[in-house]
Structures are given as C-alpha cells and as structure tokens.
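Working through the structure, step by step
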Amino acid sequence: MKEYVTEIIKIDESLIEEGNIDSLKELPALQRAAELLKEGEVVAFPTETVYGLGADATNPEAIKKIYQAKGRPQDNPLIVHIAAFNELDGLVKGSLNPLAERLIKAFWPGPLTIVVDKREIIPDETTAGLDSVAIRMPDHPLTRAIIQLAGVPIAAPSANKSGAPSPTRAEHVFADLQGRIPLILDGGPARVGLESTVVDVRSERVQILRPGGVSREEIREVIGAYLYEPGEEAGSIKKSRTAEKPLSPGMKYRHYSPETPLFIIKDESSLKKLLQSGLPENTALILSDEWASKYGPGLKDIKVIKMGPRERPELIAAGIFQLLRYLDTLSLDRAYIEAIPEKGIGEAIMNRIRKASSRE
Ligand code: TXA
Ligand code: MG
C-alpha cells in the first residue's frame, strides 16, 4: 500500500454555515480536497454524523483505496453522498418509491441513508457487488461544498480503521489512518456523533437496516404503518429477499470495539447488584450523569466516567464514540456501561453499545 504524509487542514469553524457554501468552495483547502478526489485519491472530511473517508463513487480504483486504507472487508458496501436533490435521479434505477420521496423531503439534507436500485454509473466496487446503492445528502455545508467542487458523487464510509469506533473529530481520523491517506479536513466535532439511519426503500414498506441519527419515531411520524416495526421485520425479510446476500452486509462485522472489554449494565437493579458484589480493581463504570451522581460518590478505587444525561440522549450520542476511544487510553481490565432507554436516538446508541461490547 502507498504511504502518505497525512496532512490535516483546519477549517475556520465560523465559516462553516449553510449560507456560506460558495465561499467555502473558494478555500484552498477545499480546492485541494476536490483536486485529490478528482485524481482518484481519498480524502477525510467531517459530516454532521461522523467523519467520512471519501472517494469518487464512480471510480473503481479510487474506491479500492478506501477499502485498503480502512482495512475494510470487501463485501461491505459504501454510502454514496450527494450535494443536491437533483443528483439522485442519475443514480437510481427506475422510479423512486413515493415513500422514499416523503422521507427525503422530511430528512434531507440529514442523517438518513436510503437504499435503492442502482444505475450502472455506480460500479460494483462501491456497492460490494450488490445491485442496490445506499445514498444520502449530508447536512453539513463543508461536506456539500466538497461534493460540489469534486463534481461527482462521493462514496464515504466512516473514516476509522475497520472495527474501531467511528471518528467524530479529525484527531480520531489521524490516530487511525495516519500515513494511509493524504488529507484530513478538520471542521471541528461532528454534531450528531452517530452514523446515519440506513433504510431500505425498495419495497412497499420501509425497513430500518441500521438505526442512526434519524430516529424510528421520526420516521414513523412521516410514513406511519409503512414502516416495518422490529417484530415484523424478520418474516418479511425471509419472504422478500434471497438468503445468499445479507440486507446490510456491514452489520455482521465487529464494530465500534474498544480494546477494553466492555459489559452492559442492563438496569438499575443490575447496577446495585454489581456494586454489592464488589468490583475488581482496574475497572471503570460508564454511567449517565444521573446515575453517576447517585452511585458515584460512595465508590472507592473505581473510575466513574460520565456519559451525559439520560434525559438528553442526543448529548450521549454526540460523545459516545469519543468516550470509547478515551476508555482505551486508561489501560483498564474492564468497563461496565449503563444501558439507556431505547427511545428516540437511544435505539441507535444502544445498537452501537451492544456492538462495542460484543467480542465476536
Ligand atoms: O453517517 C454515515 O452514514 C457515515 C457518514 C460518513 O456519512 N457513513 C457511514 O458509512 O457510516 P459506513 O460505511 O461506516 O456504514 C455504511 C452502512 C454499512 O452498515 C453498510 O453495510 C450499509 O451502510 N450499506 C451500504 N450500502 C448498502 C446497500 N446497498 N444495501 C444495504 N446496506 C448498505
Ligand atoms: Mg463505519
């Protein structure tokens, strides 16, 4: 693999505003990024969810570099990012499901990714051989400015080493991909902190393949009973899809995993039991602000890490990946993390926490 001297360029955050895309496009840093993308190189940049590692979605050689830099399994397809609604037509085969239109209208630009039938212009490398493609329009002026300047749709997975927690700051990208990519644009911390919600909009009802920045409740508000609810999904998958290709291939891999073994505390009575049993040395408890104030003060020799208020799960979401990375700097033997209610963005948070705690 080619070695790079990885450059990080900080973008003045006061310039990153929705009304300012045209001025952003004038910045030498963005022009450099677009030039690299046009040459078939990879570039890391912020989006509102997490940092992405982008390449020209129509260029198979460029796409291969994404997989190489991340060490990503070849059968895990990428999300294609666009900068404007009218770019969608050129990528989707056939006509768009009216349910998809409603979702796009409600949530784009934003953390919602739709899976549709793909046109030929998107090569197999981008979709890992699937005949569908995942597409989203990010709600971040810098991201859309880069896509516009590059003039092509941009495929971008999260800009972490495969298996590691997703990066929500430029320094996370640098820690994982230093020497493996030429450029990181630093636009400050990602606002949402979790990846987009991926939905399949290829049939008469919509299925959430990966929970994320747009919650199930928000989607339900737009399409009501046209959304498959958890219990309904398994049967419908069996009926409507062939078995040889999983629906969202990426979901089967180890993900978001800190090196420190992580265990979930499922409720308050489990926490009490755990505390009564006496925790071994070199252990951390990752607790909501509420539970940290309630149970933290009595604890000796146990490191308590606060993850944010249970009452405001969006704040937990914004910091969770950073917290998992921080955990690994502490050289602990194990950590326990509190489960939060799976409401709103809580569903996506718990999806990531479960994967982070799985040792498979
Ligand atoms: O917020 C996000 O979605 C971030 C930013 C950078 O946009 N991107 C991101 O990409 O999270 P990545 O590669 O880490 O996750 C993409 C997910 C994987 O679970 C993958 O399997 C799924 O989307 N996916 C991509 N194409 C698909 C397709 N054609 N059918 C089903 N699932 C697909
Ligand atoms: Mg990822």
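Structure shown above.
Residues numbered from 1 in each chain as written. Chains lettered and ligands numbered in written order. Predicted model: local features only at pLDDT ≥ 70, side-chain atom pairs only at ≥ 80, totals over all residues. Heavy atoms only, no water.

1. A closer look at unusual backbone geometry
Cis geometry marks the peptide bond from Trp-108 to Pro-109; its omega dihedral reads -10 degrees. Within the element layout of this structure, Pro-109 appears in the loop between helix H4 (98-107) and strand E5 (112-117). Positive phi, normally seen in glycine, also occurs at Ser-331, with a value near 50 degrees. Structurally, Ser-331 can be placed in the loop between helix H12 (313-327) and strand E14 (334-338). (Helix = DSSP H or I, 4+ residues; strand = E, 2+ residues; numbered from the N terminus.)

2. Thoughts on the pairing of strand E8 (residues 183-186)
On a regular strand, one side chain projects to one face of the sheet and the next to the other, so that they alternate. Side chains Leu-183 and Leu-185 of E8 all project onto a buried face; the interleaved residues Ile-184 and Asp-186 project onto the opposite face, where all are buried too. As defined by bridge partners, strand E1 (residues 7-10) adjoins E8 across four bridges and the pair is classed as parallel. Note on E8: the bridge partner recorded for Ile-8 is Ile-184. (Buried < 20%, exposed > 50% of the residue type's maximum accessible area, 1.4 Å probe, protein only. Pairing = 2+ DSSP bridges.)

3. Side note on the environment of Leu-185
As for its position among the elements, Leu-185 is in strand E8. By relative accessible area, Leu-185 is classed as buried at 0%. Remark: the alpha-carbon pair of Leu-185 and Leu-279, spanning 94 residues in sequence, is separated by 42 Å. When residues no more than four places from it in sequence are discounted, the contact partners of Leu-185 are Ile-9, Ile-11, Ala-29, Leu-30, Ala-33, Ala-44, Phe-45, Pro-46, Tyr-51 and Ile-146. (Contact = heavy atoms within 4.5 Å.)

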